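Listed below, chain by chain, are the residues.
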Amino acid sequence: MRLARHSLGLQTLGLTVRRCTREFGLLLLFLCVAMALFSPLVYLAESELGAKQEFTSVPTSYWWAVIS
């Protein structure tokens, strides 16, 4: 925080983050909804194919969605 006093770039970044919190929250909401929808779909699609399963459970597919 002390560095932000002397750095114009850090001050600008802090101001931008403060002014865009609503948009950032909306982005996180969209990402969470997409994860909640597509993770079980990926698990279901892979289990229906009958091939070697990379996802052994639904939580595994959620982990895949988080790190992807």
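This write-up is about the structure you can find in this document. (Residues numbered from 1 in each chain as written. Predicted model: local features only at pLDDT ≥ 70, side-chain atom pairs only at ≥ 80, totals over all residues. Heavy atoms only, no water.)

### Comments concerning the overall build of the protein
The number of helices and strands found in the protein is four helices and zero strands. Helices (α) and strands (β) of the protein occur, in sequence order from the N terminus, as α-α-α-α. Based on the C-alpha atoms only, the size of the protein along its principal axes is roughly 60 × 20 × 15 Å. Taken across its 68 residues, the protein has 7% of its residues classed as buried. (Helix = DSSP H or I, 4+ residues; strand = E, 2+ residues; numbered from the N terminus. Buried < 20%, exposed > 50% of the residue type's maximum accessible area, 1.4 Å probe, protein only.)

### Examining the packing of aromatic side chains
On inspection of all chains with the given rule, the structure shows one aromatic pair. Note on Phe55 and Trp64: the rings are 5.6 Å apart at their centroids and 65 degrees apart in plane angle, and the pair reads as edge-to-face. (Phe/Tyr/Trp six-rings, centres within 6.5 Å; stacked < 30°, edge-to-face > 60°.)

### With respect to the packing of helix α3 (residues 21-49) against helix α4 (residues 58-67)
Following both chains from N to C, one finds α3 and α4 inclined at 125 degrees, their axes separated by 8 Å at the closest point. It follows that α3 is oblique to α4 by the angle criterion. You can see that α3 and α4 cross each other, and the crossing is right-handed. Side by side, α3 and α4 meet where Met35, Ala36, Ser39, Pro40, Val42 and Tyr43 of the first sit next to Val58, Ser61, Tyr62, Trp64, Ala65 and Val66 of the second. (Axes fitted to C-alpha atoms, helices over the stretch in contact; angles between N-to-C directions. Parallel < 35°, antiparallel > 145°, perpendicular 65-115°, else oblique. Left-handed = near helix turned anticlockwise from the far one by under 90°. Contact = heavy atoms within 4.5 Å.)

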